[in-house]
Structure formats: C-alpha cells, structure tokens
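The residues making up each chain are set out below.
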Amino acid sequence: MSRFFTAPSSAHLNRRGFLAATGALTLATALSACGGGDDTSGGTSAEPVGQADIDKAMKTPTELTFWTWVPNIDKEVALFEAKYPAVKIKVVNAGQGTPQYTKLRTALKAGSGAPDMVQIEYQAIPTFTITNSLLDLRPYGASALKDQFVDWTWSQVSGSKGEVWAIPQDTGPMGMLYRQDIFDRHGIEVPGTWDEFASAARKLHKADPDVYLTNLAANQAAAWHGLLWQADAKPYVMSGSSDITVSVDDDVSKMLGTYWGTLAKEGVIGVEPDFTDSWYAGLNKGKYATWLTAAWGPVFLSGSAKSTAGKWRAAPLPQWDAAKPSSGNWGGSTTAVIRATKNPIAAAVFAQFLNTDPASAKMFATEQFFFPATKALLADESFVGQESPFYGGQKVNQVFADIGSTVNTTFQWPPFLDQAATDWTETVGKSLADKTDTVRALGTWQSRLTTYAKTQGFTVHTS
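Residues numbered from 1 in each chain as written. Predicted model: local features only at pLDDT ≥ 70, side-chain atom pairs only at ≥ 80, totals over all residues. Heavy atoms only, no water.

Q: Explain the sheet that holds strand S8 (residues 290-294) residue by residue, including any values.
A: Think of a sheet as strands paired side by side through backbone hydrogen bonds, with each pair either parallel or antiparallel. Ordered by their spatial adjacency, three strands build an open sheet running S8-S5-S9, and the pairing between neighbours is antiparallel. Each end of this open sheet is capped by a strand with a single partner; those strands are S8 and strand S9 (312-316). The average undirected angle you get between the axes of adjacent strands in this sheet is 30°. Where strand S5 (residues 174-179) meets S8, five bridges bridge the pair, whose relative direction is antiparallel. Bridge pairing in S8 places Leu177 opposite Trp291. (Pairing = 2+ DSSP bridges. Helix = DSSP H or I, 4+ residues; strand = E, 2+ residues; numbered from the N terminus. Axes fitted to C-alpha atoms, helices over the stretch in contact; angles between N-to-C directions.)

Quick look at the structure:
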C-alpha cells in the first residue's frame, strides 16, 4: 500500500491496504496465463547489459506506458524526460491497488495491453513473481543500487536467487502517535513496552470510560501483519514457486492473539473499523489517545484531525523486548518493469531513475509526502529536521527515520494476500469485534488459509 497523500483526500488509501492488495489466481492457471513454469528468473540472466546498449536505447525515440496511482507524478516524470528527451512516458492511472492489479493480470493473460512499468506495493510483488510477470532488473544495473535503500526495503524487492524485482519508492515503518494532553491529564508515561501499554490502557479507561488508549480496528489486517512483523513472526515463507509454509497461529501469533484479545474482551481498547466517519470523529474528539500507525500517518492525521493540532506526539511502538528495538511496516510501493515490455532497457532505467535520482526522490517526499526509502533522504536534515506544529514542534520525520532502521529484513508475503486478509477479517478480526476467543480464531484462520492455498495448487507446510 502506498500512502500517496494529499491528506485528507487519501483517507481510503490505507484502509485499502491488505484488504485491497491482490487478487489470487490458481497457481496452475497463473503460470499458464503468464508463460510460467517453475523458473521465476523473470526470463533474464544476470549477464549485465553493456553501457553502449544502454546509451543507444536512451537515445532511441521510445514511448513507455507507466501505470501508477500516485497523484501529480507528472512532476517526477518530467525530470526523467528532461534527462532522456528521446523517451516519452505515458502515465496511466489504472486504479489503486486491487483494481490495477486485476487489470494487469487480465492484460498479461491476454498478451496485450500491459504497461511497460507499474507501481506495485511490496506485499503484492509475490503475486506477480510466481507468474513470471516481472523483469529481473539485475542486468540493467539495479544490484548496484542496494546500498542506497533502507535494508528491509531491498529485501522486500529481492528474489530468493538474488533477483531484483522492483525499485523501492516509499515506506511505512510503524510507530505510535499519541495525545500528549491526554497522557498528561491522566499521568501516563509514554509506554516503552507492551506490558506498560496494557497497564496504561486499563488505567486510562478506568479513569475515563469514554476514552481508550487505542483502537485496534477489527477490519484492518494490515495493522495486524505489521504487528506480526514487529514481533518477528514468520507467517508466510515461500520456497520456490509452489511451496509455502503458513504459520499464522504459531507461538508468536498466539502471543499477539492473547494480548490483544484480552484487551478487547476487557473493553479497554476500541475495535471499531478504521477510516470511517465514526473513527475520524473519535480521533478528533479525543476518544483514542494513540494511533498505532505508519510513517504516512503523521501527515494523514494532520489533515484528518485538524481540531487536535498541537496535541499529538510521535514515538516508536512499544516493544516486546526493550533491549532489542524492532518495528514492522505498513504501506509503501515500488516501481517494477513488466517482463513482456518491448523496451526493457529504457523501462529499467526509468524505474531506477524515478526512485534514485536525488531530485525525483526528494520530490516524492515534499510533493506527495511519501516517507522515503532512500538512506540519503532519511539522513537529509532538510527532511528529518522539519519541526511540525501539529506535533508540538517535534521532529516527527526523524522519529520515523530512526524507527525504519529497526524494521526486520526477513518478513515475507504470500502470493495470495487478498485471501489471507479476507480470512483474517472473518476470523481474527471478528473475534476482536465480538470479544470472543482470538487464539481460537487464529487456528481457524490457519485452517482456512491452508485449505485455500492447497486448492490453488500450493504445497503447504506448517511450522
């Protein structure tokens, strides 16, 4: 998911998240439709393309089609066209998330109509790599870019054999936004651990039954996956193109289920759906003292809860082990190249330029308010040193830049994430909303997801 703000108009953006991430095909159908087989190399070798060939391609009159939902991206595209005037980029908004992915799969199956480059969220990449739909960017110099990006983002775009499937564009490391005034009123310290968070939740709700420390939305599988990520869970581990280990009810998951299920049953946290009128009203009226969100959250909140300006602050998520700070990620996109493009060199150069050119990358941060994926921007004082009046003058970008360095690099996504999200909402999410047994719901989620994966042609293992 990408948080392409001009807050608050992108309110639907992050609720989309996992619930609108990807549509699944059966494995056999997907591989057949996209010229599959077990090889996920993207149809290229790692043999580098020579500089002479690159120079020639970039001077040859060419038109490339780029599917993206980023608003006003023409500004970044213009920078590329100024450097490479022979190459023209046709920008097409084919939908946000699922609508775009559905159209893309249809075009790939038909063998015509697909773009040259496409915006893809991190969690959607496996859906297209198992169908051999993405171009391995290594021959075009992408491997040399690794050190420019935050470590975990490069892991997200890399294949098991070293392939580079996309170039990171933006990120969403998770932190905690909190109401300083509510904390002060009730003598609550910023919780550094989840035990402290639970104690604060009980203390606050007892003191004021109309206020909850936070809302864990029962419809938001994205947040749950981010919390799994922080806890070093391994819910999905792919091995090759058809073997997957599904572990959504392992010990780590049960720890989360027990923790959040207990707080929900006690009624000391909210569980209402997020990105709804009621949820927005709650943030504006002080119903929730924190929002466990991602790096796109600060800008989003400043546009969605204007009446609370100056009252919020930012902090890392509470920790399971305070000696080993960690976080998960919620959101962010990449630029990938479609394997079938007739202009792979120009398309690959575009994907790399768009996200590594200093002016283009900075424009994403200042024009669209993306949270950067490049280390250079995350060390740029003009970005991290910004003091936000909405957050009492705090340097919020610095807070999330620091958090980003603690995101685990090993988390993986399944190639059927839409099903995982739907099943989560109907099992684990429902248990939170209904205040029933969340640990039992995890078992149901595991069973449903395992059954589904097998029917799609995957060999499923459990840890």
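Q: I'd love a proper account of the pairing of S9, names of residues and values included.
A: Working note: regular strand, side chains alternate between the two faces of the sheet. Counting buried positions over the five residues of S9 gives four, a clear majority of the element. Where S5 lies against S9, five bridges are found, and the strand directions are antiparallel. Of the residues in S9, the one forming a bridge with Met176 is Ala315. (Buried < 20%, exposed > 50% of the residue type's maximum accessible area, 1.4 Å probe, protein only.)

Q: Go over the nonpolar core, please, and point to the residues and values.
A: Within the largest apolar cluster, 146 residues are counted, with the highest numbers of intra-cluster contacts made by Phe80, Ile89, Ile120, Trp224, Trp260, Leu301 and Trp445. Looking at this core element by element, the count peaks at nine residues for helix H14 (residues 344-356). Those residues in contact with Phe80 that lie beyond four places of it in its chain are Met58, Val87, Ile89, Ala346, Val349, Phe350 and Phe353. (Core = buried A, V, L, I, M, F, W, Y, C linked by side-chain atoms within 4.5 Å. Contact = heavy atoms within 4.5 Å.)

Q: Residues and numbers for the side chain of Thr153, please.
A: By the secondary structure assignment, Thr153 is in helix H7 (residues 151-157). At 2.6 Å, the side chain of Thr153 forms a polar contact with the backbone oxygen of Val150. Apart from residues no more than four positions distant in its own chain, Thr153 is found in contact with Tyr122, Pro168, Thr171 and Ala373. (Polar contact = N/O pair within 3.5 Å; in protein donor to acceptor, adjacent residues only side chain to side chain.)

Q: Could you give me a rundown of the side chain of Ser253, with the residues and numbers involved?
A: With respect to the helices, strands and loops of the structure, Ser253 is situated in helix H11 (residues 251-266). According to the relative accessible area criterion, Ser253 is buried, its value standing at 1%. Discounting residues that sit within four places of it in the chain, Ser253 has contacts with Trp224, Leu228, Ser247, Val248 and Leu442.

Q: Any chance you could break down the packing of helix H12 (residues 277-285) against helix H13 (residues 297-304) for me, citing the residues and the numbers?
A: Between H12 and H13, the shortest axis-to-axis distance is 10 Å and the interhelical angle comes to 85°. By the angle between their axes, H12 is roughly perpendicular relative to H13. Contact with H12, carried on its side by Trp279, Tyr280, Leu283 and Asn284, involves Phe300, Leu301 and Ser304 of H13 and no other residues of that element. Its residues assigned to classes, the contact of H12 with H13 shows five nonpolar, two polar and no charged. (Parallel < 35°, antiparallel > 145°, perpendicular 65-115°, else oblique. Nonpolar A, V, L, I, M, F, W, Y, C, P; charged D, E, K, R; others polar.)

Q: Please set out the packing of aromatic side chains residue by residue, giving values where relevant.
A: Tallying each qualifying case throughout the model produces 39 aromatic pairs. Their ring planes at 70° and their centres at 5.2 Å tell us that Trp194 and Phe197 sit as a pair that is edge-to-face. One end of the pair, Trp194, and the other, Phe197, are both in helix H9 (residues 194-207), three residues apart, so they sit about a helical turn from each other. Each member of the pair, Trp194 as well as Phe197, carries the same accessibility label: buried. Taken together, a centroid distance of 5.1 Å and an interplanar angle of 85° make the contact between Trp296 and Trp330 edge-to-face. (Phe/Tyr/Trp six-rings, centres within 6.5 Å; stacked < 30°, edge-to-face > 60°.)

Q: Could you give me a rundown of helix H18 (residues 396-404), with the residues and numbers involved?
A: In an α-helix, one full turn covers 3.6 residues, which means residues spaced three or four apart are oriented alike. Within H18, seven of the nine residues are buried, which leaves the element mostly enclosed by the surrounding structure. Of the residues making up H18, those classed as buried are Val396, Asn397, Val399, Phe400, Ala401, Ile403 and Gly404.

Q: Lay out the environment of Ile182 in plain terms, naming residues and giving numbers.
A: In this structure, Ile182 sits in helix H8 (residues 180-185). You can call Ile182 buried: its relative accessible area is 2%. For the pair Ile182 and Asp434, spaced 252 residues apart in the sequence, the C-alpha separation amounts to 28 Å.

Scope: geometric values only; no functional claims are made or implied.
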